[in-house]
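Notes for the structure review
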Amino acid sequence: METALTMRRMKASDIDFAMATESAPECDGLVGRWSEDEYRDSLADPKHRHWLFEQGGTLAGFVIGYDLVSAGAGFYLKRIVVSCKARGLGRRAIYLVSDLARRQLGAPYLWLGVYPHNARAIRCYEAAGLRPFDAKPKALARHRMLSDGAALDVCLLYKADLPLTDPCCVRD
Ligand SMILES: CC(C)(COP(=O)(O)OP(=O)(O)OC[C@H]1O[C@@H](n2cnc3c(N)ncnc32)[C@H](O)[C@@H]1OP(=O)(O)O)[C@@H](O)C(=O)NCCC(=O)NCCS
């Protein structure tokens, strides 16, 4: 049986792990990178949500999201990185995040931007149930402003209503 993936809040002591994980060569050109100061500022920002994934007692990845519920813009998944790629961890991580975003924050939907050349991430998101969406220019400008997402201009946007259903949890 596969070892369960669990999720907990990121702490300042986890910053080194996050920086090392997003700096792996496999992440080059696919995901943003922050300095330690940027992480510390972000951890102190109440709008930001940071979670760590663990599997069998080992750190397995992390996610940074923005709670934009009160602004009417759902949950923005800013960054997701897992240590071991293409083994299903990414989509399991998204199920965990989606469940928490719905239950803890009341987010009706989750959305993100992904570079068109990031085929692995796109495959992961589509398998998890996210779908491309074409935001109208006004909505896109607003989402960009709320998410500090200058890169959104060159990204494909994906979105899903929450919570997503993890097929592993479906019982007949
Ligand atoms: C994006 C990321 C979080 C996805 O997590 P993951 O565990 O790798 O994703 P999954 O294993 O759930 O799904 C990946 C899918 O892509 C497929 N895949 C792997 N390499 C691929 C490639 N080069 N091209 C297309 N598909 C690929 C896998 O086979 C898998 O599909 P399948 O399960 O249907 O066979 C992870 O790859 C990662 O950390 N990437 C680096 C950082 C990054 O790109 N973050 C996202 C920024 S938007």
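Residues numbered from 1 in each chain as written. Predicted model: local features only at pLDDT ≥ 70, side-chain atom pairs only at ≥ 80, totals over all residues.

1. Considerations on the sheet that holds strand β7 (residues 156-161)
- Taken in spatial order, the seven strands make up an open sheet running β1-β2-β3-β4-β5-β7-β6, and their pairing is mixed. Looking at which strands have only one partner, the edges of the open sheet turn out to be β1 (5-9) and β6 (131-132).
- Both strand β2 (residues 48-55) and strand β3 (residues 58-67) contribute to a ladder of eight bridges, which runs antiparallel. Looking across to β3, one finds that E54 is bridged to L59.
- Sheet strands touched by helix α1 (residues 15-22): β3 and β4 (75-82). Its angle to β3, the strand with the most contacts, is close to 90°. (Pairing = 2+ DSSP bridges. Helix = DSSP H or I, 4+ residues; strand = E, 2+ residues; numbered from the N terminus. Contact = placed C-beta atoms within 7 Å. Axes fitted to C-alpha atoms, helices over the stretch in contact; angles between N-to-C directions.)

2. Considering the site of the ligand
- In the neighbourhood of the ligand, 22 residues make up the surrounding shell, with G90, A119, A121, R123 and C124 lying closest.
- When contributions to the shell around the ligand are tallied by element, the ones reaching two or more residues are β4, α3 (89-105) and α4 (119-128).
- Looking at which element gives the most residues to the shell around the ligand, the answer is α4, with six residues.
- Partitioned by chemical class, the residues of the shell around the ligand number 13 nonpolar, three polar and six charged. (Near = placed C-beta within 6 Å. Nonpolar A, V, L, I, M, F, W, Y, C, P; charged D, E, K, R; others polar.)

3. Quick notes on the packing of α3 against α4
- Remark: α3 packs on α4, axes separated minimally by 9 Å, with the N-to-C direction vectors making an angle of 50°. Here α4 runs oblique to α3, going by the angle between their axes. For α3 against α4, the interelement crossing comes out right-handed. Contacts from G90, R91, I94 and Y95 of α3 reach α4 at C124, A127 and A128.
- Class assignment for the residues of the contact of α3 with α4 results in five nonpolar, one polar and one charged. (Parallel < 35°, antiparallel > 145°, perpendicular 65-115°, else oblique. Left-handed = near helix turned anticlockwise from the far one by under 90°.)

4. Comments concerning the nonpolar core
- In terms of nonpolar packing, the biggest core is built from 37 residues, with V63, L77 and A93 touching the most fellow members.
- Those elements that provide at least two residues to this core are α1, β2, β3, β4, α3, β5 (109-114) and α4.
- Beyond its immediate chain neighbours, meaning those up to four positions away, A93 contacts L5, F53, G61, V63, I80 and V82. (Core = buried A, V, L, I, M, F, W, Y, C linked by C-beta atoms within 7 Å. Buried ≥ 20, exposed ≤ 12 C-beta atoms within 10 Å, placed from the backbone.)

5. A few points about unusual backbone geometry
- Residues L162 and P163 are joined by a peptide bond in cis, for which omega reads -5°.
- Tracing the backbone shows P163 in the segment after β7.
- At A86, a residue that is not glycine, the phi angle is positive and equals roughly 60°.
- Within the secondary structure layout, A86 lies in the loop between β4 and α3.

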